[in-house]
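Results of the structural survey
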Amino acid sequence: MQATQSSRRRKTVAMLAAMLGTMLLLSACNAGSTGGAPADPDRLVVALTGEPVNLDFTTTAGAAIPQAMMSNVYEGLVGVDQTGAIIPQLATGWETSADNKSYTFTLVEGATFSNGAAFDASDVKFSIERVKSDAWLNGLKSKMDVVDTVVVNSPTSVTVNLARPSQAWLYSMTTLVGAMFDPSGVEDLANTPVGTGPYQLESWARGESITMSARPDYRGPAPAIGHVTLRYFADAIATTNALSSGDVDIIYNMQAPELLSSFQANSAYQVIEGTSNGEIILSMNNKAKPFDDKRVRQAVLYAIDRKSVRDTAWNGLGTLVGGPVPPTDPYYEDLNNRYPFDPDKARALLKEAGAENLKIDFTVPTRPYATAVSEIVQSQLRDVGIDARIRSAEFPAVWLDTVFNRHDYQMSVVLAVEARDVLTMFNNPDYYIGYDNSKIKDEAAAADAADESNYVAGMQNVVRTIVDDAAVDTLFIFPNVSVAKAGITGLGANSVTEALNLSTIAWS
Amino acid sequence: MLVRIAGNLARFLLSLLAATILVFALMRVLPGDPAVIAAGQNASPEIVASLARQFGTDRPLPVQYWDWFSGLWRWDFGVSYVTRADISPLVADKVQVSLILVAAAMALALAIAIPAGTIAAVRHSKPSGALISALSQLGIAIPGFLLGIVLVSFFALRLGWLPANGWVAPGTDFAGFLSRLVLPVMALAGVQSAILVRYVRSAVLEVMHEDYLRTARAKGLSPLRALGRHGLRNAAIPVLTVTGVQFSALIIGAVVIERVFVIPGLGSMLLSAVGNRDLLTVQSVVMVLVAITLVVNLLVDVLYTVLDPRIRAAVR
């Protein structure tokens with residue numbers, strides 16, 4: 001009995017040792033992946049949250065598709081640099097007619113699509129006209145409504161005639177509606193993207209990862225990294241775990257600022273802070289009680305200390321702007337002083353409006369930024385006598401349905417990511433915010449039709465009117481925070497377009 | 001015995017049929033229109049209508065049901081209107097991943113629970129038996145995902161022995177596959193083994209008091225040998241039942257564990273499909289989960305009949 005017992009004990013010990021040994025062995029297979037040095041300088045893995053459901057942004061909405069595809073697989077005639085300025089891409093330059101209604105683009109020579117087809121002016125005509133056709137089902141297609149005709153002058157020259165002058169149109173051409181397609185490459189965009197960009201799709205594991213490889217026949221300088229994998233994670237903690245254990249090299253647009261501190265303190269990593277196009281908008285239904293009264297909306301703007309909202313909810317990251325315009329837009333101005341934090345004034349306005357002891361519903365989408373923001377907003381509103389009951393709405397399904405489509409809400413909060421979206425949000429009384437646009441309508445149209453300097457001045461006036469009317473409370477501009485291994489260079493800090501440009505990234 | 005098995009089969013098929021109707025109906029009750037979600041925040045009503053037409057979600061419900069149902073038997077789940085891809089091969093891919101995970105976890109759980117439960121029963125009055133019982137109590141109280149997080153922070157982040165998450169197919173890189181399997185399997189098996197230990201213990205305790213075991217001991221066999229030769233087969237029946245039930249629970253638990261460990265199995269597929277209101281995909285994945293559960297139950301029922309002569313005799 002004694003003997004069998006001790007032999008059993010020995011067996012148990014042996015089994016445990018074997019298990020530990022196996023783990024060590026397995027870990028050896030993975031060793032060398034942590035720290036700054038790349039395992040293979042021709043490969044890079046980027047962690048992202050929010051996977052694309054398919055690869056076709058012409059028929060499917062959502063930021064994840066253009067994030068992966070634009071700049072990398074698809075290019076436009078024009079692009080945007082890190083400061084938000086428009087730069088040449090497939091066009092080497094462009095000229096505007098005297099009446100500002102026609103744009104003549106000169107195209108690069110020698111550009112090809114990844115299917116081997118040459119890129120020329122007829123592809124520009126095809127691509128722009130296709131946006132206006134029924135083939136496009138993305139809501140952003142309306143940005144191309146202003147285009148009247150597209151005329152091919154020569155293989156390297158194309159003229160786009162607008163129905164009326166539009167400063168906004170050229171900028172739209174830098175976004176996904178300006179992507180250039182090959183007529184023979186649009187059959188299966190959801191699975192097989194064909195573009196002129198430096199990368200092409202190598203493999204795609206749905207819901208997991210997209211791997212892109214550098215095109216050998218790209219006209220420009222070859223990207224430094226031959227194979228880039230975008231790996232998709234459902235939550236931010238999983239991304240930081242993957243970076244810590246060496247499975248990914250970069251976390252782009254991180255969604256959990258509270259997890260940054262451990263990387264900031266570690267020299268094997270770099271934390272890159274930049275800005276984005278996304279405004280966190282505390283929206284109030286301008287058409288429904290009690291926010292159909294301008295004084296009540298103004299009271300909310302006075303009642304909320306935006307700095308403390310940002311500091312508490314998003315660890316002090318993000319830019320305070322006071323209006324629905326990010327600093328990278330040409331008509332940006334600092335409007336933080338328009339509604340300083342002043343709870344007394346808020347109470348007075350509520351009293352004047354006869355809206356004391358308000359009870360409202362606060363519909364909060366199930367996104368990390370929204371839940372983080374909602375509780376501090378709730379407590380600040382309570383201080384001035386507004387009792388906001390938080391009602392959580394699954395995002396996107398339920399939120400889109402109730403708030404966005406049926407306008408069945410009083411107050412909500414959402415990240416508006418689309419570039420230069422002031423007029424989308426406020427120049428349409430049927431939009432979910434329900435802002436009465438009669439005061440800005442003509443001015444906005446005039447600004448868009450004006451030359452560049454008058455465009456900026458006109459748009460600034462429009463924005464000031466919107467802010468004076470307290471249409472919404474712009475809490476802060478969403479930061480673009482990335483964490484990368486120390487040896488990585490060339491990752492753009494700012495997210496001023498929808499695209500994550502991979503071609504500039506390299507291992508030092 | 002054959003009659004009994006035929007009855008089991010009939011019940012299995014009826015349950016499957018009922019499940020298709022229920023799953024289809026539940027999907028239609030969910031708030032959120034797939035066309036609205038696919039169209040996004042800037043879409044006009046015309047675009048939404050056009051997408052609904054393309055998706056076929058504007059057709060009458062019976063037509064939609066029949067389209068989906070008639071394909072099920074041919075393992076053809078249709079084309080997802082959100083991802084624009086054939087659903088069947090994707091599901092087949094993800095089923096493999098989930099089954100590997102669940103089967104490995106069940107095997108590990110049984111490998112721990114059967115010896116541990118037997119020891120706990122044989123030594124129920126001794127400290128070692130009490131210790132096993134106490135540990136199993138503790139194990140039941142710890143949710144799998146929490147155990148997963150603890151395992152990750154210790155083995156992956158602190159020690160750096162194993163990857164924190166992700167998945168590699170066994171065919172492409174076997175060592176990588178194993179290293180990524182260890183932690184999620186441990187997380188899943190932890191709770192399961194704790195649950196199973198208790199069942200094994202009580203099943204063994206019960207047979208220990210049976211007359212035939214006392215007889216065997218009287219013939220000079222040691223308690224463990226007597227148990228091994230005569231008792232375990234009898235103890236196996238309640239354990240088998242609970243293993244079947246727990247297998248279903250394990251599949252559900254795997255949905256959460258897959259998320260913690262970023263494993264591309266059915267759970268991950270289900271969660272993202274629900275988020276995107278990819279109704280066809282959700283229906284199909286849920287049906288596969290239901291089918292797996294029902295198949296396991298069917299197998300348990302059949303094994304029952306085979307294992308226990310008394311059940312066989314009763315229906316003959």
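Residues numbered from 1 in each chain as written. Chains lettered and ligands numbered in written order. Predicted model: local features only at pLDDT ≥ 70, side-chain atom pairs only at ≥ 80, totals over all residues. Heavy atoms only, no water.

The name given to chain B in an unreviewed UniProt entry is Peptide/nickel transport system permease protein, with the source organism recorded as Paeniglutamicibacter sulfureus. As its UniProt record puts it under Sequence similarities (unreviewed entry), chain B is described as follows: "Belongs to the binding-protein-dependent transport system permease family." As its UniProt record puts it under Subcellular location (unreviewed entry), chain B is described as follows: "Cell membrane". (UniProt positions renumbered as here; feature names shortened; annotations may be inferred.)

Identification of chain A as Peptide/nickel transport system substrate-binding protein from Paeniglutamicibacter sulfureus is taken from an unreviewed UniProt entry.

1. Some points on the interface of chain B and chain A
If you look at the interface, chain B gives 47 residues, while chain A gives 48 residues. With both sides pooled, the region where chain B packs onto chain A buries about 3,900 Å², and carbon together with sulfur makes up 59% of that total. Taken together, the connections running from chain B to chain A amount to 3 salt bridges. As a salt-bridge pair, A:E208 and B:K94 come within 3.7 Å of each other at their nearest N and O atoms. Across the chain B-chain A interface, the total number found is 10 residue pairs in polar contact (both at pLDDT 80 or more). Counting residues per element, the ones that place at least two in the side of chain B that touches chain A are α2 (34-39), α3 (45-55), α5 (87-122), α7 (144-158), α8 (174-208), α10 (223-260) and α11 (266-275) of chain B. Among the elements that take part in the side of chain B that touches chain A, α8(B) stands out by supplying 5 residues, more than any other. When the residues that make up the side of chain B that touches chain A are grouped by side-chain class, the tally is 26 nonpolar, 14 polar and 7 charged. (Contact = heavy atoms within 4.5 Å. Buried area = accessible area lost by both parts, 1.4 Å probe. Salt bridge = Lys/Arg side-chain N within 4 Å of Asp/Glu carboxyl O. Polar contact = N/O pair within 3.5 Å; in protein donor to acceptor, adjacent residues only side chain to side chain. Helix = DSSP H or I, 4+ residues; strand = E, 2+ residues; numbered from the N terminus. Nonpolar A, V, L, I, M, F, W, Y, C, P; charged D, E, K, R; others polar.)

2. Observations concerning the sheet that holds strand β7 (residues 157-162) of chain A
Residues and elements named next belong to chain A. Strand order in the open sheet formed by 4 strands is β4-β5-β7-β6, with antiparallel pairing between adjacent strands. Each of the sheet's edge strands pairs with one partner strand only, and the pair in question is β4 (91-96) and β6 (147-154). Taken pair by pair, the neighbouring strands of this sheet meet at an average axis angle of 20°, ignoring direction. Bridge analysis of strand β5 (residues 102-107) against β7 gives 5 bridges, and the strand direction is antiparallel. Residue T106 lies in a different strand from β7, and its bridge partner there is S157. Helix α3 (residues 121-132) rests against β5, β6 and β7 of the sheet, and its axis sits at about 170° to β6. (Pairing = 2+ DSSP bridges. Axes fitted to C-alpha atoms, helices over the stretch in contact; angles between N-to-C directions.)

3. Quick notes on the nonpolar core
Residues and elements named next belong to chain A. Counting 174 residues, the largest nonpolar core has F426 and L475 as the members making the most contacts within it. When neighbours within four sequence positions are excluded, F426 is seen to be in contact with P324, I433, Y435, N437, I440, I466, A471 and V472. Counting 65 residues, the second largest nonpolar core, distinct from the first, contains A91, A111, F181 and W204. (Core = buried A, V, L, I, M, F, W, Y, C linked by side-chain atoms within 4.5 Å. Buried < 20%, exposed > 50% of the residue type's maximum accessible area, 1.4 Å probe, protein only.)

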